[in-house]
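# Analysis of the macromolecular model
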Amino acid sequence: MRVGLGLAALGRPGYINLQRDSHLTSRSVEGMQQQANKVIDALFQQSRILSKEETLIPWLDCARSYGLSEKFVGEFLRSNSVSPTDVYVSSKWGYTYVADWNVELGEGEPHEVKDHSLENFLKQVQETSEHIGEYVKLYQVHSATFDSGILTNTKVHEALSKCREEKGWKIGLSVSGPSQDDLIREAMQIKVSGEQRLFDSVQCTYNILEQRPHDALIEAHESGMDIIIKEGLANGRTLSNPTLKELSSTLNCQPDQLALAAILAQPFQPRVLSGSVTVDQLRSNLGSFYSIEDPESMSVAERLVSTAGGKEVLRKLMESCKMESEEYWANRSALKWN
């Protein structure tokens with residue numbers, strides 16, 4: 001599927017998405033797992049409903065630091081006898097969840113700790129294998145930065161390449177921060193054994209507010225990399241944007257659908273992750289690329305690329321909403337875990 005479900009907000013009790021209290025009734029392990037199961041099941045149901053002209057494979061994105069996301073996904077898939085060929089699971093290594101299932105921590109205490117060392121990769125790839133190993137199609141470095149050393153650590157590069165060879169998993173990286181474009185270009189140059197490019201994909205933050213990575217994503221796409229977009233709604237911040245609200249009314253769609261469709265309409269042809277925590281949110285998000293209510297009508301993304309009115313909406317939206325990356329990431333850093 002072009003739109004998948006990210007488990008960042010469902011695999012743990014706290015996250016930085018806005019207004020979580022209005023959507024989650026229980027933050028216990030059991031309550032979060034039940035909610036995750038509902039949304040995952042809805043994704044599978046929608047994939048079956050939409051699979052008329054082509055088979056749509058449900059896509060789930062986890063991470064070692066997303067609390068119990070890998071455990072939740074693995075137990076759901078096995079309890080429902082889902083074949084590894086009938087689901088696409090991606091996950092990430094590099095952060096460790098340390099919040100002990102708490103939403104609020106002491107001043108300065110982190111919810112997750114980054115470690116891109118070889119030792120941590122070997123530890124976390126084993127943990128991922130135990131939880132969801134037979135389902136994984138893509139394994140990603142979580143939030144690569146220049147400071148973490150991952151881009152120059154040849155021992156980790158060799159281990160990642162060996163993982164791809166032995167397990168058959170694609171290897172990717174996710175990026176964050178104002179320098180996403182530079183990180184992507186640097187990652188594209190990394191090769192193993194002198195020939196094969198190390199990274200098959202990149203997962204990047206891109207939305208109507210944060211557009212700096214655009215050109216680098218086109219370059220990555222043209223080089224053959226799979227482009228995955230995270231935080232397409234900017235953790236909920238896009239939904240209060242007045243231009244988005246106005247233009248979504250023009251297209252007779254929901255603001256979240258237009259915001260995600262604007263990403264899907266980009267020339268780097270991305271896949272996009274939904275951060276939904278409810279079934280209704282997921283259905284609405286899927287409506288960005290799929291015609292949920294009326295299968296015979298054009299989806300929002302289709303209208304943005306194939307109709308004159310849609311193209312004009314897309315142009316206005318991207319031009320009016322764009323922020324400076326430094327401001328965007330400063331605002332994101334100020335979001336509180338809730």
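Among the nonpolar cores identified, the biggest contains 104 residues, and Leu60, Leu77, Phe199 and Leu258 are the most heavily contacted of them. Among the elements that line this core, the one with the most residues is helix H1 (residues 29–50), at eight residues. When near neighbours in sequence (up to four residues on either side) are disregarded, Phe199 contacts Val141, Leu160, Ile171, Gly172, Leu173, Ala187, Ile190 and Met225.

Moving on, we come to the pattern of salt bridges. In a structure, side chains of opposite charge can pair up when their charged atoms sit close to one another. Using the criterion set out here, one finds 16 salt bridges in the structure. For Arg27, the salt bridge is made with Asp21, and the minimal N-O distance between the two is 2.9 Å. Given a relative accessible area of 64%, Asp21 falls into the exposed group. Arg64 is the partner of Glu70 in a salt bridge, and the nearest nitrogen-oxygen pair spans 2.6 Å. Residue class for Arg64 comes out buried when judged on its relative accessible area of 15%. One network of salt bridges, with partners in common, ties together Arg64, Glu70, Lys123 and Glu127.

Another aspect to go through is helix H2 (residues 69–79). Those residues of H2 not exposed but buried are Ser69, Glu70, Phe72, Val73, Gly74, Phe76 and Leu77. Packed against the buried residues of H2 are H1, strand E2 (59–61), strand E3 (88–93) and helix H3 (118–132). Of the residues flanking the end of H2, it is Ser81, one or two places downstream, whose phi is positive at about 55 degrees.

Let us look at the sheet that holds strand E11 (residues 226–230). Around the barrel, eight strands lie side by side as E1-E2-E3-E6-E7-E10-E11-E12; this closed barrel has parallel pairing. The average angle at which neighbouring strand axes cross in this sheet is 25 degrees, direction not considered. As paired strands, E3 and strand E6 (residues 136–144) are joined by five bridges and run parallel to one another. Bridge pairing links Trp93 to Val141 in E6.

What follows deals with the pairing of E11. Burial within E11 is extensive, with four of its five residues counted as buried. Strand direction decides the pairing type here: strand E10 (residues 201–205) and E11, joined by five bridges, are parallel. By the bridge assignment for E11, Val202 is matched with Ile227. Read as a crossover between parallel neighbours, the route from E10 over helix H6 (residues 214–222) to E11 is right-handed. Judged from the two bridges that link them, E11 and strand E12 (residues 271–274) form a sheet pairing that is parallel. Opposite Ile229, over in E12, you have Val272 as the bridge partner.

What follows is about the packing of aromatic side chains. Each aromatic ring pair is summarised here by two numbers: the centre-to-centre distance and the angle between the ring planes. Following the criterion strictly, the structure yields nine aromatic pairs and no others. Where Tyr15 meets Trp337, the ring centres are 5.8 Å apart and the plane angle is 80 degrees; that geometry is what we call edge-to-face. Of the two residues, Tyr15 sits in the loop between strand E1 (3–6) and H1 while Trp337 sits in the segment after helix H12 (325–333), which places them 322 residues apart along the sequence. Trp337 gets classed as partly exposed once you look at its relative accessible area, which sits at 25%. With 6.4 Å between their ring centres and 50 degrees between their planes, Phe121 and Tyr139 make a pair best called tilted. Placement of Phe121 in helix H3 and of Tyr139 in strand E6 is noted, with a sequence separation of 18 residues between them. Here a set of aromatic residues connected by ring pairs shows up, and it is made of Trp93, Phe121, Tyr139 and Trp169. The lysine or arginine in question, Lys167, covers the ring of Trp169, its NZ or CZ lying 5.1 Å from the ring centre.

Parameters at a glance
Here the residue numbering is sequential within each chain, running from 1 through the sequence in written order. Totals for whole chains, interfaces and linings use all residues, but because this is a predicted model, local features are given only for residues with pLDDT of at least 70 and pairs of side-chain atoms are given and counted only at 80 or more. Where side-chain values are given, they derive from all heavy atoms of the structure, hydrogens and water being excluded. To qualify as a nonpolar core, a set must consist of buried Ala, Val, Leu, Ile, Met, Phe, Trp, Tyr and Cys residues joined through side-chain atoms within 4.5 Å. Only protein chains enter the calculation, and the probe is 1.4 Å; a residue is then buried if its accessible area is under 20% of its type maximum, exposed if over 50%, and partly exposed in between. The helix and strand labels rest on DSSP assignments: H or I over at least four residues marks a helix, E over at least two residues marks a strand, and numbering proceeds from the N terminus. Contacts were defined at the residue level, with two residues in contact if any of their heavy atoms lie within 4.5 Å. In what follows, salt bridge is the name for a side-chain nitrogen of Lys or Arg lying within 4 Å of a carboxyl oxygen of Asp or Glu. What makes two strands pair is DSSP finding at least two bridges between them. Throughout, an axis means a line fitted to C-alpha atoms (over the contacting stretch in the case of helices), and angles, computed between N-to-C directions, take values from 0 to 180 degrees. Viewed with both strands pointing away, a crossover whose connecting path from the first strand over the helix to the second turns clockwise is right-handed. Note on aromatic pairs: the rings of Phe, Tyr and Trp (six-membered ring only in Trp) are paired at centre separations within 6.5 Å, and the planes decide the class, stacked below 30 degrees, edge-to-face beyond 60, tilted for the rest. Note on geometry: a ring has a charge over it if NZ (lysine) or CZ (arginine) is within 6 Å of the ring centre and within 35 degrees of the ring normal.

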